[in-house]
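Observations on the three-dimensional arrangement
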Amino acid sequence: MALSTGYNRVRTAVFISGTGSNLKSLIKFSKTKKSPISINLIISNNSKAKGLNYAKIFKIKKKILNYKNKNLSEEKLLSILKINNIEMICLAGFMKILSKNFIEKFPGNILNIHPSLLPKYKGLNTHKRALNNKEKYSGCTVHFVNARLDSGKIILQKKVKISRHETEASLAKKILFQEHKLYPKAILKTFNL
Ligand code: GRF
C-alpha cells in the first residue's frame, strides 16, 4: 500500500473480540515516529471484550456491533468506517468472518494475524492441533484478508520452536509474544518501509 496523503498517517481501525493484546501493541507502534498508520477506531463484536479498555486508556473512539444480523452489522460497520475516514483495517483476534462484499470495499487494505504458520492450521484451536500432530515448530502469520478464511497472501511469518513439554497455554504465550512484534513489522512491509 502507498502512503496516500503526504505525511498524514493512514487512518486505521482495529477489530477485536477479546483481550486485545495485539491491539495494544499496534497502538504503541502507531505512536512511534516510523509508523505509517494511526489508530483512530476500535471495533468489537463483543461488548465485554477486555481490549475495549484500551479505547479509554488511549482515548481512541470505539464502536460495538452485536452481529446478531451479519448483513445489517456490516452495513452499519461500513458507514461507521466511512464517517471516520478509515482506510485500513487490522483484524486482531476478531472472531467474525467478514463477507466478500465487505472485503471488496477495502481492496488490499485488510490485514489479519493468525497464530500458526499458515497455510497450516487455519481456523480455531491452532495450538492444540499443532501439539496433537507433534509439530516441531509453530508460529504466527500476518496476511492480507480475502474471502476465504485465513487464506489471503502472506505478508510475514515468525517461526517458534515447540519444546518437549509444551502445553497449549505455554505455546499460546510464546506465539503471542512474537505476534506483538510481527504485526507492526508486517505493516511496515506493506508500506514498503
Ligand atoms: C491472537 O493469538 C491472534 O493471532 C488470534 O487471536 C489472538 C488474539 O489475541 N487471531 P489478543 O486479543 O490480541 O490478545
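The structure presented is a predicted model; accordingly, all values stated were derived computationally and were not measured. (Residues numbered from 1 in each chain as written. Predicted model: local features only at pLDDT ≥ 70, side-chain atom pairs only at ≥ 80, totals over all residues. Heavy atoms only, no water.)

This next bit is on the pattern of salt bridges. According to the stated counting rule, one finds three salt bridges in the structure shown. The partner of Lys100 in a salt bridge is Glu104, and the shortest N-O contact between them spans 3.2 Å. Placement of both Lys100 and Glu104 in helix α4 (residues 100-104) is noted, with a separation of four residues, approximately one turn of the helix. (Salt bridge = Lys/Arg side-chain N within 4 Å of Asp/Glu carboxyl O. Helix = DSSP H or I, 4+ residues; strand = E, 2+ residues; numbered from the N terminus.)

This part takes up the nonpolar core. Among the nonpolar cores identified, the biggest contains 35 residues, and Val14, Ile16, Ile37, Met88, Val142, Tyr183 and Ile187 are the most heavily contacted of them. Ranked by the residues each element gives to this core, the list is headed by helix α6 (residues 168-190), at seven residues. Residues in contact with Ile16, not counting those within four places in the same chain, are Leu23, Ile42, Ile43, Ser44, Asn45, Ala49, Gly51, Leu52, Ala92, Gly93 and Phe94. (Core = buried A, V, L, I, M, F, W, Y, C linked by side-chain atoms within 4.5 Å. Buried < 20%, exposed > 50% of the residue type's maximum accessible area, 1.4 Å probe, protein only. Contact = heavy atoms within 4.5 Å.)

A few words on the side chain of His127. Mapped onto the elements of the fold, His127 is located in helix α5 (residues 126-132). Exposure remark for His127: the relative accessible area of 13% places this residue in the buried category. Among all residues touching His127, those that are not within four sequence positions of it are Pro115, Glu168, Leu171, Ala172 and Ile175.

This next bit is on the packing of helix α1 (residues 21-30) against α6. If you want to describe how two helices pack, look at the angle between their axes and the distance between the axes. For the pair α1 and α6, interaxial distance at closest approach is 9 Å and the crossing angle is 45°. Here α1 lies oblique to α6, going by the angle between them. Two packed elements cross with a definite hand, and for α1 against α6 that hand is right-handed. Side by side, α1 and α6 meet where Ser21, Asn22, Ser25, Leu26 and Phe29 of the first sit next to Leu176, Glu179, His180, Tyr183, Pro184, Ile187 and Leu188 of the second. Among the residues making up the contact of α1 with α6, the classes are represented as seven nonpolar, four polar and one charged. (Axes fitted to C-alpha atoms, helices over the stretch in contact; angles between N-to-C directions. Parallel < 35°, antiparallel > 145°, perpendicular 65-115°, else oblique. Left-handed = near helix turned anticlockwise from the far one by under 90°. Nonpolar A, V, L, I, M, F, W, Y, C, P; charged D, E, K, R; others polar.)

The ligand sits among Thr19, Gly20, Ser21, Asn22, Gly93, Ile113, His114, Pro115, Leu176 and Glu179. One nitrogen or oxygen atom from the side chain of Ser21 is found 2.5 Å from an oxygen atom belonging to the ligand. Note that an oxygen atom of the ligand is positioned 2.8 Å from one of the backbone N or O atoms of Asn22. For the ligand, the protein covers 81% of the area, taking 360 Å² as the surface of the free molecule. Classifying every residue of the shell around the ligand gives three nonpolar, six polar and one charged. (Near = heavy atom within 4 Å. Polar contact = N/O pair within 3.5 Å; in protein donor to acceptor, adjacent residues only side chain to side chain. Areas by Shrake-Rupley, 256 points an atom, 1.4 Å probe, with all protein chains shown as cover.)

What follows deals with unusual backbone geometry. If a residue is not glycine, its phi is most likely negative; likewise, a peptide bond is most likely trans. In this structure, Pro119 follows Leu118 across a cis peptide bond, with omega equal to 10°. A positive phi angle is found at Asp150, which is not glycine, with a value near 55°. By the element assignment, Asp150 lies in the loop between β6 (137-144) and β7 (154-161). According to the relative accessible area criterion, Asp150 is buried, its value standing at 9%.

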